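The chain contents come next:
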Amino acid sequence: MALSASNLKAGDSYKEVVVEDLTRTQLVMYAGTSGDYNPLHTDDLYSREAAGYPGVFAHGMLSMGLTGKMLTNYVGDGRLAKFGVRFTNQVWPGDTLTAEATVAEIREEGGEQFVDLTLETKNQDGKTVITGTATARIDP
Amino acid sequence: MSDEIKMPVEATHIMMFARSIGDDNPIYHDEEYAKNSDVGHIIAPPTFPRAVSQFDPDYHLRPKNGVKWFGSGKNPTGLDGPAPSSGGLHAEQHFEYHRQLRPGDQLTVTTKVGKTWEKESKRAGKLKFLERIQEYRDQNGDLVVTSRAVSVTTERPVDQG
């Protein structure tokens with residue numbers, strides 16, 4: 001179900017837990033479908049002993065994909081015009097992420113209604129892992 | 001990275017991609033549901049365009065037969081000498097959608113290198129940023145998605161403190 005300009009205002013927000021206790025298996029699944037087989041994300045031995053990280057960590061695009069799930073649940077299917085993020089901190093196995101969208105502005109453009117959103121995804125410690133913005137077409 | 005990549009959009013790939021981001025939304029896998037929805041057909045999740053890597057014959061983060069891979073086998077890395085750079089981390093990703101991708105689309109993806117810049121950081125030393133712009137055109141030549149990605153190469157692993 002899509003959002004409607006008539007019952008939406010700046011400051012409204014929506015959030016959901018997009019992953020609980022992120023597993024290494026999920027990282028393997030994401031590598032397989034995205035085609036990004038960087039061993040930093042799937043190969044603990046490489047990540048620790050060759051690359052110098054505490055272990056494997058999530059693809060940025062997995063964090064964005066999880067954030068996108070919240071976003072499409074909020075604005076409805078097929079409504080996005082823009083979706084952009086910055087990756088501000090790494091996401092690790094065991095993390096629980098909560099993604100939130102906040103209405104910045106509702107506006108009309110070319111006879112269509114749009115909502116501009118700001119996005120933030122945080123881990124269980126309240127650390128921000130993603131900030132971003134999105135624009136979606138909404139009903140009048 | 002190849003200059004021009006052919007990317008067929010397939011229903012099974014969309015289904016598996018949605019699973020890999022933990023998204024059960026039936027619009028990504030259930031044809032009957034999708035047919036009766038506002039959209040009217042299966043679509044791809046918003047971050048799906050980056051799966052273009054699967055279709056890039058030169059993609060550097062996919063092992064190739066007969067070429068040593070930098071991930072672990074007997075040893076932590078399959079290469080001799082110091083650990084190679086993996087080509088950097090993803091710093092930013094921006095999509096613009098002109099329409100939603102759907103199964104059956106035959107995309108042609110062109111890549112242009114954009115700006116580059118540097119920054120000093122406490123957590124990872126000197127950061128080198130590189131912007132890449134990808135345009136996804138469909139079987140009719142219409143622009144359907146524009147992607148702007150910023151990657152960052154760090155001087156050392158990112159400090160977790």
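Above this text sits the structure in question.
## Let's talk about the interface of chain A and chain B
Right, so step 1: With 43 residues of chain A at the interface, the matching set in chain B holds 44 residues.
Right, so step 2: Mapped by element, the contributors of at least two residues to the side of chain A that touches chain B are helix 1 (24–34), helix 2 (44–50), helix 3 (60–75) and strand 2 (80–87) of chain A.
Right, so step 3: The greatest single-element share of the side of chain A that touches chain B, amounting to 9 residues, is contributed by helix 3 of chain A.
Right, so step 4: For the side of chain A that touches chain B, a count of residues per class yields 22 nonpolar, 14 polar and 7 charged.

## A closer look at the sheet that holds strand 5 (residues 128–138) of chain A
Right, so step 1: Ordered by their spatial adjacency, 10 strands build an open sheet running 1(A)-3(A)-4(A)-5(A)-2(A)-2(B)-5(B)-4(B)-3(B)-1(B), and the pairing between neighbours is antiparallel. Strands with a single pairing partner mark the edges of an open sheet, and in this sheet they are strand 1 (13–19) of chain A together with strand 1 (4–8) of chain B. Averaged over neighbouring strand pairs, the angle between their axes works out to 20° when direction is ignored.
Right, so step 2: Strand direction decides the pairing type here: strand 4 (residues 112–122) of chain A and strand 5 of chain A, joined by 10 bridges, are antiparallel. Across the sheet, the residue bridging to D116 of chain A is T135 of chain A, located in strand 5 of chain A.
Right, so step 3: Sheet strands in contact with helix 3 of chain A are strand 1, strand 2, strand 3 (97–109), strand 4 and strand 5 of chain A together with strand 2 (89–97) of chain B, and its direction is about 135° off that of strand 1 of chain A.

## Here we look at the nonpolar core
Residue and element names in this part refer to chain A.
Right, so step 1: L71, L119 and A134 are the most contacted members of the largest nonpolar core, which totals 67 residues.
Right, so step 2: For this core, the element with the most residues is helix 3, which contributes 8 residues.
Right, so step 3: Here this core spans two domains, since at least three of its residues come from each of domain 1 (5–22 + 58–138) and domain 2 (23–57).

## So, the packing of helix 1 of chain A against helix 1 (residues 11–20) of chain B
The description of two packed helices rests on the angle between their axes and on the distance between the axes.
Right, so step 1: Viewed as axis vectors pointing N to C, helix 1 of chain A and helix 1 of chain B meet at an angle of 150°, and their least axial separation amounts to 8 Å. In terms of orientation, helix 1 of chain A and helix 1 of chain B fall into the roughly antiparallel class. Seen from above, helix 1 of chain A lies across helix 1 of chain B with left-handed handedness. Residue-level inspection shows M29, Y30, G32 and T33 of chain A of helix 1 of chain A in contact with helix 1 of chain B, the latter providing M16, F17, R19 and S20 of chain B.
Right, so step 2: Its residues assigned to classes, the contact of helix 1 of chain A with helix 1 of chain B shows 4 nonpolar, 3 polar and 1 charged.

Calculation criteria
- Residues numbered from 1 in each chain as written.
- Chains lettered and ligands numbered in written order.
- Predicted model: local features only at pLDDT ≥ 70, side-chain atom pairs only at ≥ 80, totals over all residues.
- Contact = placed C-beta atoms within 7 Å.
- Helix = DSSP H or I, 4+ residues; strand = E, 2+ residues; numbered from the N terminus.
- Nonpolar A, V, L, I, M, F, W, Y, C, P; charged D, E, K, R; others polar.
- Pairing = 2+ DSSP bridges.
- Axes fitted to C-alpha atoms, helices over the stretch in contact; angles between N-to-C directions.
- Core = buried A, V, L, I, M, F, W, Y, C linked by C-beta atoms within 7 Å.
- Buried ≥ 20, exposed ≤ 12 C-beta atoms within 10 Å, placed from the backbone.
- Domains from an automatic or database assignment.
- Parallel < 35°, antiparallel > 145°, perpendicular 65-115°, else oblique.
- Left-handed = near helix turned anticlockwise from the far one by under 90°.

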